[in-house]
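As a plain string of letters, each chain reads:
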Protein chains: 2
Amino acid sequence: MNHDDFLEAYLKDRKKIVEEALERYLPGKDHEPRELHGAMHYSVFAGGKRIRPILCLAAAEACGGDMAPAMPVACALELIHTYSLIHDDLPAMDNDDFRRGKPTSHKVFGEAAAILAGDALLTEAFVLLSRAEKVRLAAERRLAVIQEIAQAAGIAGMVGGQALDIRTEKNDQNIAGLTETHRRKTGALIMAAVKSGAMIAGASDEKISALSVYASHIGIAFQIADDILNVEGDESLMGKKTGSDAVLGKVTYASLLGLDAAKVKLAQHIEAAIAGIAAFDSRALPLRVIARYIMERKS
Amino acid sequence: MNHDDFLEAYLKDRKKIVEEALERYLPGKDHEPRELHGAMHYSVFAGGKRIRPILCLAAAEACGGDMAPAMPVACALELIHTYSLIHDDLPAMDNDDFRRGKPTSHKVFGEAAAILAGDALLTEAFVLLSRAEKVRLAAERRLAVIQEIAQAAGIAGMVGGQALDIRTEKNDQNIAGLTETHRRKTGALIMAAVKSGAMIAGASDEKISALSVYASHIGIAFQIADDILNVEGDESLMGKKTGSDAVLGKVTYASLLGLDAAKVKLAQHIEAAIAGIAAFDSRALPLRVIARYIMERKS
């Protein structure tokens, strides 16, 4: 099997496993209050790439762990990611009517339900992280994972990054400022996904440290790739219009560096990510392949 | 010291201790992003009664525990309560301009910052609950507390209750429906406050079960007292106008039962709460006094 075939089969398989687990963990959409469960389901199953849970599972396996104990953690990361998208799309924030080609939560369910669905998904992530599992896992380890994820989602991470991102007077007019915003807004949760998978697997500090190098580079790479796609992506593959960053005058890696230099920077981060985990054996193949996917993805 | 003097001194003392701890746990309001830290501080220090953290500490002490290990849990409960107030006040929800006599978060900082401040407070509560403490406490116990609080704040509790409360076609036209809405919206977090304090103190299942009876009754009592105050409270003491429930046509215990029967029901719940912890020794005096305070409070 060549690289592309492996990647496609791997991502498809993992996406399916993660979505089956999400179905198991989320209460059915007919539970009361139905409007809230309905809104949660709508956004959780709106067709994401599941990249955070897949990274968490891949990191666990790269460290010799099983997928099963990492699955609630992987799904909690996806619930947190989904909540952040719902709240980011709200009229008071980015005011987006569509995401992944579908109407956003507040367009379908109204603003109040969208705010509450986000609140509920964030909270249920911590229910999932803390609840008694059939899988036996040291409480210390689970507590450390909760701390890692809460910090990544909190003010030092994702929420703080979103606050920086919606500033009228931005401080990201240069690469350092832009990178700091994205490190918090998207990088922190990607970092937590990789580290928590390794922590669940009981990885050594040395391995976790190597994986942190990997995660910090793919976090930035993910955003650079997004910015490049927004300039020259294929609209039919992406399910949304390109060029919106330029129309809105958004500062991006593409606008700051130019398209060619942005591509060079992207490739450098991917190489650095893969180099960071050079000491890992073949069980880290999925992590290496995912890094390449981040660079080469078309949507 | 008579009952009223003890109560006043006790609540004042505990409020001060809790607020000092909140100051220690929250990052300073000048941290970046300042707009977000500022909004978090504004609402956390807007003058709440701190009843949830005080209940948590009192439950720990009633079970023979110290206050210190319960303090991060007590403060996390207050952060969650504060987040829920900020989001409930949003234009898309209850659209309230004032709370405790001060402009609400979105009136001061704008909607986007208010949404994010709520998100951040909810998330930081779990940072606080999961972070390594100087106080040594079994990880299993801390994990159980996180689970208890996450479930109480989540869709089975507070968020679910808020969704029921903002329904256009409410199902609370009778006492059973109204009680179910309030059990989730406010009762669940009060229950978690009492139970988590006991859990931190390492209380027996029997004691936790007795405290749950106490908590379920004061949870309902708290809401009945609120409804009565909305009819006949002293506006100058409450810092807000009375009669708003009647103007809005809200279904309340007062509107469903009538004022006199609501007062009888309130007294019955307080008696039942105190009876629930009859087997506790004098260390449960604060819990008994708090129950009376809920009935007798003027604001």
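Please refer to the structure higher up on the page.
This is a predicted model, so every value here is computed, not measured.

(A) The relation of the copies chain A and chain B, seen in detail. Mapping chain A onto chain B calls for a rotation angle of 180° and an axial translation of 0.0 Å; the resulting RMSD is 0.0 Å. Taken together, the turn and the small shift mark the pair as related by a two-fold rotation axis. In terms of proximity to the rotation axis, the leading residue of chain A is Ala 139 of chain A, whose C-alpha is 2.7 Å off the axis. The overlap is high: 100% of the interface residues of chain A also sit at the interface in chain B, so the same surface is used on both sides.

(B) Looking closely at the nonpolar core. With 192 residues, the main nonpolar core has Ala 59 of chain A together with Ala 59 of chain B as its most contacted residues. Apart from the residues within four sequence positions on either side, Ala 59 of chain B is in contact with Val 194, Gly 197, Ala 198, Leu 211 and Leu 287 of chain B.

(C) Here's a closer look at the packing of helix α10 (residues 205–232) of chain B against helix α15 (residues 285–296) of chain B. Residues and elements named next belong to chain B. Interhelical geometry of α10 versus α15 gives an angle of 25° and a closest axis separation of 9 Å. Between α10 and α15, the angle is such that the two are roughly parallel. Regarding α10 and α15, the two cross each other, and that crossing is left-handed. Across the interface between the two elements, Tyr 214, Ile 218, Ala 221, Phe 222 and Ala 225 from α10 touch Leu 287, Ala 291, Ile 294 and Met 295 from α15. Residues that form the contact of α10 with α15 fall into these classes: nine nonpolar, no polar and no charged.

(D) Seen up close, the packing of helix α2 (residues 34–44) of chain A against helix α6 (residues 111–130) of chain A. Residue and element names in this part refer to chain A. Their axes nearest at 9 Å, the elements α2 and α6 cross at an angle of 75°. Judged on the interaxial angle alone, α6 and α2 are roughly perpendicular. Along the contact surface, α2 presents Glu 35, Leu 36, Ala 39, Met 40 and Ser 43, while α6 presents Ala 113, Ala 114, Leu 116, Ala 117, Ala 120 and Leu 121.

(E) The arrangement of the interface of chain A and chain B in detail. Chain A puts 38 residues into the contact, and the matching count from chain B is 38 residues. For the side of chain A that touches chain B, the secondary-structure elements that each account for two or more residues are α2, α6, α7 (139–153) and α8 (158–165) of chain A. Here the side of chain A that touches chain B takes 12 residues from α6 of chain A, the largest share from any one element. Its residues assigned to classes, the side of chain A that touches chain B shows 23 nonpolar, eight polar and seven charged.

(F) Quick peek at the environment of Gly 47 of chain A. All names here are of chain A. Looking at the element boundaries, Gly 47 is found in the loop between α2 and α3 (51–62). The exposure class assigned to Gly 47 is exposed, which follows from the 12 C-beta atoms found within 10 Å. Taking the C-alpha atoms as reference points, Gly 47 and Ala 267, 220 residues apart in sequence, are found 27 Å from one another.

Calculation rules
- Residues numbered from 1 in each chain as written.
- Chains lettered and ligands numbered in written order.
- Predicted model: local features only at pLDDT ≥ 70, side-chain atom pairs only at ≥ 80, totals over all residues.
- Least-squares fit on C-alpha atoms with pLDDT ≥ 70 in both.
- Contact = placed C-beta atoms within 7 Å.
- Core = buried A, V, L, I, M, F, W, Y, C linked by C-beta atoms within 7 Å.
- Buried ≥ 20, exposed ≤ 12 C-beta atoms within 10 Å, placed from the backbone.
- Axes fitted to C-alpha atoms, helices over the stretch in contact; angles between N-to-C directions.
- Helix = DSSP H or I, 4+ residues; strand = E, 2+ residues; numbered from the N terminus.
- Parallel < 35°, antiparallel > 145°, perpendicular 65-115°, else oblique.
- Left-handed = near helix turned anticlockwise from the far one by under 90°.
- Nonpolar A, V, L, I, M, F, W, Y, C, P; charged D, E, K, R; others polar.

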